[in-house]
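As a plain string of letters, each chain reads:
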Amino acid sequence: MTAASATLDRREHLAVWLIGAAHMASHFYHLVLPPLFLFAKPALQVSYAQLGFVMTIYFVATAVVQVPVGLLVDRVGARVVLIAGLMIHGAALVAAGLAPSYSMLLVAFFLGGIGNAVFHPADFSILSNNVRESHLGRAFAVHTFCGGIGYASAPVVMGTLAVTLGWQGAMISAGALGVVIGAAVLFAGGSLREDSARDRRAAGTSDADAEAKAGWRLMLTRPMILFFLFYVATSASGTGMTNFAAVALPAVYGMGPDIANALLTAFLVAAIVGALPGGWLADWSQREAQVLVVSFIVMAASLFALGTGWLSFWMIAAMMVVSGFVRGLYNASRDVLVRRAAPPGGIGAAFGFVTLGYTLGQGGTPVIYGWLMDNGYGEGVFIMAAVAALLSIVTVIIPDGRKGREAGRRRP
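Scoring rules and cut-offs
- Sequence order as written defines residue numbering, which begins from 1 separately in each chain.
- Only residues with pLDDT of at least 70 get local features here, since the model is predicted, and only at 80 or more are side-chain atom pairs given and counted; chain-wide, interface and lining totals rely on the full set of residues.
- As a rule here, side-chain values cover all heavy atoms of the structure and leave hydrogens and water aside.
- Numbering of helices and strands starts at the N terminus; helices are DSSP runs of H or I of at least 4 residues and strands are runs of E of at least 2.
- To sort residues, take the accessible area from a 1.4 Å probe on protein chains only and compare it with the maximum for the residue type: under 20% means buried, over 50% means exposed, and anything in between is partly exposed.
- The contact definition used throughout considers only heavy atoms, calling two residues in contact when any of these lie within 4.5 Å.
- Between N-to-C directions, angles cover 0 to 180 degrees, with each direction set by a line fitted to C-alpha atoms, over the stretch in contact for helices.
- An angle below 35 degrees is treated as roughly parallel, one above 145 as roughly antiparallel, one from 65 to 115 as roughly perpendicular, and anything else as oblique.
- Ten residue types, Ala, Val, Leu, Ile, Met, Phe, Trp, Tyr, Cys and Pro, are classed as nonpolar, four, Asp, Glu, Lys and Arg, as charged, and the remainder, Gly among them, as polar.
- Surface patches are drawn from residues lacking salt bridges whose relative accessible area is over 30%; two like charges belong together within 9 Å, two nonpolar side chains (Val, Leu, Ile, Met, Phe, Trp, Tyr) within 5 Å.
- Using a 1.4 Å probe, accessible areas were evaluated by the Shrake-Rupley method; residue-level cover was limited to the displayed protein chains.
- Whenever a carboxyl oxygen of Asp or Glu lies within 4 Å of a side-chain nitrogen of Lys or Arg, that contact is scored as a salt bridge.
- Stacked, tilted and edge-to-face are the three classes assigned to paired rings of Phe, Tyr and Trp, where Trp is represented by its six-membered ring and a pair needs centres within 6.5 Å; plane angles under 30 degrees give stacked, over 60 edge-to-face, the rest tilted.
- Here the expected length of a helix is defined as 1.5 Å per residue gap, with one fewer gap than residues.
- In plain words, nonpolar cores are sets of buried Ala, Val, Leu, Ile, Met, Phe, Trp, Tyr and Cys residues tied together by side-chain atoms within 4.5 Å.
- By definition, any crossing whose near helix is turned counterclockwise from its far helix by less than a right angle is left-handed, and any crossing with a clockwise turn is right-handed.

A.B. asks: So what's going on with the overall build of the protein chain? Residues and values would help.
C.D. replies: Of regular secondary structure, the protein chain possesses 19 helices and zero strands. Burial statistics for the protein chain: of 412 residues in total, 53% are counted as buried. Pairs at least 24 apart in sequence give 85% of the contacts found in the protein chain among residues at least 6 apart.

Here's what the structure looks like:
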């Protein structure tokens, strides 16, 4: 690697950090309401089930529009779609804080869910068109890292704002975050390159056949279907740990909830820490498929070990940290493979489609994990998460002719 290729230019830095900020807001918004439950419940005179339904509405809205938004990114451009998503999400939360009622909360989070659908298709399209391929792994890793910061900071920030400003003030402040970042992408991102159908038509380089392959037909190809299933499986595995490890650990090992939550925090922090070296590994190894296979073997082994119920405290802590670190490590390699499988002009559609798989895995499996806990199978939470990790490997190693054999090799 030459000195010149080792250094990102101004446009590349701008793309990485603007998109990182947008992805941080996206993940922050996933957890913006739960820390306010204690404050909003008595103020709105609703039940926890009703507040939980607000989050259901949020993710349903995202799932419904995820693929159309990906197609829209390829048609009109990623930057305008990203700005619209940030503004819609932010404005909806500001409105919910200014006019607090349960019905407004439902409307706000439905609109917020629509805004949430833009991030992965638009983010990866912008990064792919503005960062050289030799550095894409590291760019995608920063994207993942910033999303992790959003997840980790939301409970603390929203809880603190609720105590100091009230839950309405906290909601308005959270909404302002999206508006501010949207304005930054609008005014600072004008130099970013696009590769939309609109731009190609304006330049006289539009290819109707290529655009057709990059649209709905793309989702029927074998690589995209496998990546879709991969995202379902990885999401199913991760959801078990993030949502149920804190209750499964006490059930299996008899520890207190404070210790269990501390171990879950260690898992989440390890995932954030693992993201950045994962980007370097993706760029350096040029064998992303192999990185995924090894990562999920290690993760599955760690989760199976947790599910035995035989580990000492320090072994539990070690398995939580190892599984969390590997969870962060593989993300960049995964994203590079999806990017490589997408045809020219089809990045938004590709990431929109596979992200729908992630959303379905995230929304469809908690009821199964909950059933395991309700019936006294705490060990089953870790076993199911491990099985889902192993199923992820199957979707990676299934060959797809010549393309399958070349999936782990870098294009020249």
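Moving on, there is more to tell.
A.B. asks: Lay out the packing of helix α2 (residues 10-30) against helix α7 (residues 119-130) in plain terms, naming residues and giving numbers.
C.D. replies: Between α2 and α7, the least distance of the axes is 9 Å, while the angle of their chain directions is 170°. In this view, α2 runs roughly antiparallel relative to α7, as classed from their interaxial angle. The residues of α7 that touch α2, namely those facing Arg11, Glu12, Ala15, Val16, Ile19, Ala22, His23, Ser26 and His27, are Phe119, His120, Asp123, Ile126, Leu127 and Asn130. Of the residues belonging to the contact of α2 with α7, the class tally is seven nonpolar, five polar and three charged.

A.B. asks: Before we move on, can you summarise a nonpolar patch on the surface with the specific residues and values?
C.D. replies: Where nonpolar side chains cluster on the molecular surface, the patch consists of Leu38, Phe39, Tyr48 and Val163 and spans about 430 Å² of accessible area. Relative to the helices and strands, Tyr48 resides in helix α4 (residues 48-76).

A.B. asks: So what's going on with the packing of aromatic side chains? Which residues, and what values?
C.D. replies: Enumeration according to the criterion identifies 14 aromatic pairs in this entry. Consider the rings of Phe124 and Phe351, whose centres lie 4.1 Å apart with planes at 15°: the pair is stacked. Here the residue Phe124 occupies a position in helix α7, and Phe351 occupies one in helix α16 (residues 347-364), the gap between them amounting to 227 residues. Ring centres of Phe244 and Tyr369 lie 5.8 Å apart, and the angle between their planes is 25°; this geometry places the pair in the stacked category. With Phe244 in helix α11 (residues 222-253) and Tyr369 in helix α17 (residues 366-374), this pair connects stretches of sequence that are 125 residues apart.

A.B. asks: Which residues make up α7, and what values go with them?
C.D. replies: The terminal C-alpha atoms of α7, which comprises 12 residues, lie 16 Å apart, in line with the 16 Å expected from a rise of 1.5 Å per residue. Within α7, 12 of the 12 residues are buried, which leaves it mostly tucked inside the rest of the structure. When α7 is considered as a whole, its buried residues turn out to be Phe119, His120, Pro121, Ala122, Asp123, Phe124, Ser125, Ile126, Leu127, Ser128, Asn129 and Asn130.

A.B. asks: Describe the pattern of salt bridges, listing the residues and the values that go with them.
C.D. replies: Applying the stated rule across the entire model yields four salt bridges. Across the pair Asp283 and Arg138 runs a salt bridge, and its minimum N-O distance is 2.7 Å. Taken as a pair, Asp283 in helix α12 (residues 257-285) and Arg138 in helix α8 (residues 136-188) lie far apart in primary sequence, 145 residues in all. Its salt-bridge partner being Arg334, residue Asp335 comes within 2.9 Å of it at the nearest N-O pair.

A.B. asks: Kindly report on the nonpolar core, identifying the contributing residues and their values.
C.D. replies: One recurring pattern in soluble globular proteins: nonpolar side chains tend to sit buried together. Judged by nonpolar contacts, the single largest core of 91 residues is most densely connected at Leu82, Leu249, Leu306, Ile316 and Met320. In terms of residue count, α11 provides more of this core than any other element does, 13 residues in total. The residues contacting Leu306, other than those within four sequence positions of it, are Met241, Val252, Tyr253, Leu311, Ile316, Met319, Met320 and Phe382. Leu33, Val46, Ala92 and Met171 belong to the second-largest nonpolar core, a separate cluster that totals 27 residues.

A.B. asks: Account for unusual backbone geometry, naming residues and giving values.
C.D. replies: Of note in this structure, Gln45 is not a glycine but carries a positive phi near 55°. Mapped onto the elements of the fold, Gln45 is located in the loop between α3 (37-44) and α4. Overall, Gln45 belongs to the exposed group, its relative accessible area being 71%.

A.B. asks: Quick one: what's the story with the packing of α11 against α12, residue by residue and with numbers?
C.D. replies: Running from N to C, α11 and α12 point in directions that differ by 145°, and their axes come no closer than 8 Å. Crossing hand, α11 versus α12: right-handed. Residue-level contacts link Met241, Thr242, Ala245, Ala246, Leu249 and Pro250 of α11 to Ala260, Asn261, Leu263, Leu264, Phe267 and Leu268 of α12. When grouped by side-chain class, the residues that make up the contact of α11 with α12 number 10 nonpolar, two polar and no charged.

Nothing here speaks to function; it is all geometry.
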